[in-house]
Amino acid sequence: MIEAIGYGFVTGVLLCFTFGTVFFSLVQNSVDNGYRSGVKIAFGVLVCDMIFVFFAIFGTTLLPDIEGFEKAMAGVGVFFLLVLGLANLFKGQPKIAYPKTRFGNFLYYFTTGFLLNGLNPVNFISWVTIATYIRTNLEYDFQQVVVFFGFSLVGIFLTESMIAVFAHKLKKLFTPRTVTLFNKVTGVVFVLIAFQILYTNFLKG
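The following refers to the structure shown. All of these numbers come straight from a predicted model, not from anything done at the bench.

What about the packing of helix α6 (residues 121-136) against helix α7 (residues 142-169)?
Their axes nearest at 11 Å, the elements α6 and α7 cross at an angle of 140 degrees. Compared by their axis directions, α6 and α7 come out oblique. Regarding α6 and α7, the two cross each other, and that crossing is right-handed. Each of Trp-127, Ile-130, Ala-131, Ile-134 and Arg-135 in α6 lies in contact with α7, whose residues at this interface are Val-145, Phe-148, Phe-149, Ser-152 and Ile-156. Here the contact of α6 with α7 is composed, by residue class, of eight nonpolar, one polar and one charged.

What follows is the structure, encoded as structure tokens:
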């Protein structure tokens, strides 16, 4: 059981450093709007991953059998990432009108994290692959699988929250020129991942 706890936590931490859209969004928002915005994004990611883990453990048979559902989700993901990426590329530091109410503010960042994580099909496939590996190769029973994934989720949330805090503390290093450059790099990353999803789901033969 201790092995499942350790492996699960380390897996969660490592998944945070794949330098995808969530990582760059965490850093960018924490620098621009404070570490609390990053933690709210991390919470959105956590809830999305909890849903992915549920289906990874109990099987995809619980998902609705809708023809073209996966491609539709991939299409929405491509559109979402392209909008975010192009906004960063051409507006430098986009001035977004954030909700003024506390709940509206939370909902904005929570939804950003949830969608960035959920609309990339690779994330769900990763959880299913991990579930298959620990069952077949590590021969974990159901209880060990649940513990493994539970601590993976803990590792993800804690690591992403720490990334948000450290990014905010290093804010002084981000001069206007550096922030503009980082935003453009973030935009490029978003666009590249969008094209990767597009190629994998629609163009690959």
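Resuming the write-up.
Here's the deal with helix α1 (residues 2-15)
Owing to its 3.6 residues per turn, the α-helix aligns residues three or four sequence positions apart on the same side. End to end, α1 covers 20 Å across 14 residues, agreeing with the expected 20 Å (1.5 Å per residue, within 8%). Of all the residues in α1, the buried ones are Ala-4, Gly-8, Thr-11 and Gly-12. The buried residues of α1 occupy one face: seen down the axis, they fall within an arc of 100 degrees. Structural note: α1 exposes Ile-2 and Leu-14 on the side pointing more than 90 degrees away from its buried face.

Structural notes on the nonpolar core
Counting residues in hydrophobic clusters, the biggest one holds 45 residues, and the most contacted among them are Val-27, Trp-127, Ile-134, Phe-148 and Phe-149. Elements with a minimum of two residues in this core: α2 (21-33), α3 (35-58), α4 (69-91), α5 (102-118), α6, α7 and α8 (176-203). Excluding its chain neighbours within four sequence positions, the residues that come into contact with Val-27 are Ile-163, Ala-167 and Phe-182.

Definitions and cut-offs
- Residues numbered from 1 in each chain as written.
- Predicted model: local features only at pLDDT ≥ 70, side-chain atom pairs only at ≥ 80, totals over all residues.
- Heavy atoms only, no water.
- Axes fitted to C-alpha atoms, helices over the stretch in contact; angles between N-to-C directions.
- Helix = DSSP H or I, 4+ residues; strand = E, 2+ residues; numbered from the N terminus.
- Parallel < 35°, antiparallel > 145°, perpendicular 65-115°, else oblique.
- Left-handed = near helix turned anticlockwise from the far one by under 90°.
- Contact = heavy atoms within 4.5 Å.
- Nonpolar A, V, L, I, M, F, W, Y, C, P; charged D, E, K, R; others polar.
- Expected span 1.5 Å × (residues − 1).
- Buried < 20%, exposed > 50% of the residue type's maximum accessible area, 1.4 Å probe, protein only.
- Arc of directions from axis to C-beta.
- Core = buried A, V, L, I, M, F, W, Y, C linked by side-chain atoms within 4.5 Å.

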